[in-house]
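# Per-entry structural report
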Amino acid sequence: MKGENAASPTRDEPAQRTAPNGDLAAAALTADEFALFAQVGRMRRAYAGEVLFRRGDLGTTMYVVSKGAVELDFGDDLIAKRLGPNEFFGELGLLIGDHARSADATVPVDGMLIELRAEEFQRLVDREPGLVSYFLRRAIMRVVLNEQGLIRRLRRRNHDLQSALDSLRATAAQLNQTEALIRTDELTGLFNRRGLAKHLQDRHRNGSTHGLGLLLIDCDRFKAVNDDHGHLAGDRVLQAVAHILRSVAGNGDIACRLGGDEFALLVKADSRDDVMRYADFIVSTAHGLLQMPHTTPLICTLSLGACLVAPDTQWNDWYAHADAALYRAKRLGGNRVEWQDDALAATA
Ligand SMILES: Nc1nc2c(ncn2[C@@H]2O[C@H](COP(=O)(O)OP(=O)(O)OP(=O)(O)O)[C@@H](O)[C@H]2O)c(=O)[nH]1
């Protein structure tokens, strides 16, 4: 019949053009394709545990599952596929020739496979060019879709990696910030003992303990500031002392609050005069502030102990020297600078 003829397939236009699930990129052959592939290809048994090929193997054979199943493992974190009856794989080996396989193909259960090599495929092309052209379009579409999926996955992974990197950077920045906070005295912003210890550790590691002077600075009768004007006024006095030390500390010098009303300043110095210049500046600046008329004290008088540092000794030795001088300054009534020479015994 005319109508039937119009609808009926020609040799070049197979009736069942779409794959069984309607997906152009499906891995399954249409019934017509399967029948033809079965005629031209070689049907053979597949045994559970059999390895058809490994990833990277060069191969030119295409396979169609007739019965049973085949598992494709693409490695890494790519999703493995299990192919069932009518589904085909390995077609790139056939079409490109000596194509490196992109998956391990193994047989999980006994079954039947159709194998198709280049010469058999050529016979297929000669017999059914229309059907083969449709099959090729689907095979190409499948490759393209797989590529697109892979690109999408790589983009996603790239994006995930970027986010992980960003959060790592943020964490590192937070860590640096936290480390800086741990080494800083909250009230004055100077280094605290931990900061000083780290600084000394670095100096010893770098061998840069030569040419240093140490000043210990202690507020005089500071308790009275707290008692007479309140704790906040006391805090402001401590901040003022810190401000003076920060302003006099040069590059590589370190100002530190040791605790309570006691401060330390480690400076570059080759002589007593070098150290005393710092000491005089601190004392005279404090005096200047004391002259300013104010209802609450801006500062109090300061006692200082100063010394040069022996490079091959440790912080405890440096501190003991400067502290001996500070002790003398206090004993003499405060508001002064005392110097400590190398020999500690002379001050005892
Ligand atoms: N406002 C304030 N006071 C503090 C802080 N830390 C310690 N103090 C006080 O500092 C005072 C130090 O007192 P002392 O060690 O007796 O020193 P002083 O009164 O200066 O006595 P001399 O050093 O002998 O002149 C104590 O009363 C502490 O409570 C702080 O962060 N803020």
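Note that the structure is predicted; figures quoted are calculated from it, not measured. (Residues numbered from 1 in each chain as written. Predicted model: local features only at pLDDT ≥ 70, side-chain atom pairs only at ≥ 80, totals over all residues.)

## Thoughts on the overall build of the chain
What counts is decided by this rule: Each helix is a run of H or I in the DSSP string that is no shorter than four residues. Each strand is a run of E no shorter than two, and both are numbered from the N terminus. Working definition of burial: number of other C-beta atoms within 10 Å of the residue's own, with buried at 20 or more, exposed at 12 or fewer, and partly exposed in between, all C-beta atoms being placed from the backbone. Remark: residues whose backbone-derived C-beta atoms lie within 7 Å of one another are considered to be in contact.
Within the chain one finds 10 helices and 15 strands. A burial count over the chain gives 28% of its 348 residues as buried. In the chain, of all internal contacts separated by at least 6 residues, the share reaching a separation of at least 24 is 68%.

## Section: the packing of helix H7 (residues 222-229) against helix H8 (residues 231-248)
Put simply, the test is: Here an angle of 0 to 180 degrees is reported between the N-to-C directions of two axes, which are lines fitted to C-alpha atoms, with helices fitted over the stretch in contact. An angle counts as roughly parallel when it lies under 35 degrees, as roughly antiparallel when it exceeds 145, as roughly perpendicular when it falls between 65 and 115, and as oblique in every other case. All residues other than Ala, Val, Leu, Ile, Met, Phe, Trp, Tyr, Cys, Pro, Asp, Glu, Lys and Arg, Gly among them, are scored as polar; the first ten of these are nonpolar and the last four charged.
Interhelical geometry of H7 versus H8 gives an angle of 140° and a closest axis separation of 6 Å. Here H7 is positioned oblique relative to H8, judged by the angle of their axes. For the pair H7 and H8, the contacting residues are Phe222, Val225, Asn226 and His229 in the first and His231, Ala233, Gly234 and Val237 in the second. Within the contact of H7 with H8, the residues separate by chemical class into 4 nonpolar, 4 polar and no charged.

## Focus: the sheet that holds strand E2 (residues 51-53)
Note the cut-off: For two strands to be treated as a pair, DSSP must find no fewer than two bridges joining them.
Strand order in the open sheet made by the 4 strands is E2-E9-E5-E6, with antiparallel pairing throughout. Of all the strands in the sheet, just E2 and strand E6 (81-83) have a single pairing partner and so form its edges. Sheet twist, expressed as the mean angle between neighbouring strand axes with direction ignored, is 25°. Where E2 lies against strand E9 (residues 104-106), 2 bridges are found, and the strand directions are antiparallel. Bridging from a neighbouring strand, valine 51 pairs with threonine 106 of E9.

## Some details on helix H6 (residues 193-206)
Definition in use: Expected helix span is computed as 1.5 Å times (number of residues minus one).
With 14 residues, H6 ought to run about 20 Å at 1.5 Å a step, and its terminal C-alpha atoms sit 20 Å apart, in line with that. Backbone geometry just after H6 places glycine 207 at a positive phi near 70°.

## Describing the confidence of the model for the chain
To keep things clear, this is the line we draw: The predictor rates its confidence in each residue with pLDDT, a number between 0 and 100.
In this model, the chain carries a mean pLDDT of 89, and residues with pLDDT of at least 70 account for 91%. For residues 1-25, every residue scores under 50 in pLDDT, and the model assigns this stretch 32 contacts once sequence neighbours within four places are set aside.

## Some thoughts on the UniProt feature "coiled-coil region" (unreviewed entry) in the chain
Keep this limit in mind: UniProt positions are given in the numbering used here, feature names are shortened, and annotations may be inferred rather than shown by experiment.
Residues annotated in UniProt with the feature "coiled-coil region" (unreviewed entry) correspond here to residues 151-178. Taken end to end, residues 151-178 is 100% helix and 0% strand, and its first and last C-alpha atoms sit 40 Å apart.

## Points about the site of the ligand
Heads up, the rule is: Any residue whose C-beta atom, as set from the backbone, lies within 6 Å of a molecule or strand is reported as near that molecule or strand.
The full set close to the ligand counts 16 residues, and Phe222, Lys223, His231, Gly234 and Gly260 are the nearest of them. Put simply, the parts of the chain that give the shell around the ligand at least two residues each are strand E11 (212-219), H7 and H8. Considering every element that reaches the shell around the ligand, the biggest residue donor is H8, with 4 residues. Of the residues contributing to the shell around the ligand, the split by class is 4 nonpolar, 5 polar and 7 charged.

## A closer look at the nonpolar core
To keep things clear, this is the line we draw: As used throughout, a nonpolar core is a set of buried Ala, Val, Leu, Ile, Met, Phe, Trp, Tyr and Cys residues joined through C-beta atoms within 7 Å of each other.
Ranked by size, the top nonpolar core spans 45 residues in total, and within it Leu214, Leu215, Val241, Leu265 and Leu304 carry the most contacts. For this core, the secondary structure elements donating two or more residues are E11, H7, H8, strand E12 (254-259), strand E13 (262-268), helix H9 (272-291), strand E14 (302-308) and helix H10 (315-331). The contact partners of leucine 265, leaving out residues within four places of it in the chain, are Leu215, Ile217, Leu245, Ala249, Asp253, Ala255 and Tyr278. Of all hydrophobic cores here, the second largest spans 27 residues; its members include Ala27, Leu113, Phe121 and Val132.

## Focus on the environment of valine 70
Position of valine 70 relative to the elements: it lies in strand E5 (residues 70-73). Between the C-alpha atom of valine 70 and that of glycine 111, which follows or precedes it by 41 residues, the distance is 9.0 Å.

## With respect to the environment of leucine 36
Within the fold, leucine 36 resides in helix H2 (residues 31-40). Note: C-alpha distance between leucine 36 and leucine 131 (95 residues apart in sequence) is 9.3 Å. In contact with leucine 36, not counting residues within four places along its chain, are Leu124, Glu128 and Leu131.

## Describing the sheet that holds strand E10 (residues 111-116)
Pairing in this open sheet of 4 strands is antiparallel, and the strands run E1-E10-E4-E7 from one edge to the other. Only two strands of the sheet have a single neighbouring strand rather than two, namely strand E1 (42-46) and strand E7 (88-89). Examined bridge by bridge, E1 and E10 share 5 bridges and lie antiparallel to one another. Paired with arginine 42 across the strands is glutamate 115, a residue of E10. Sitting on the sheet, H2 touches E1, strand E4 (62-67) and E10, and the angle it makes with E10 is about 75°.

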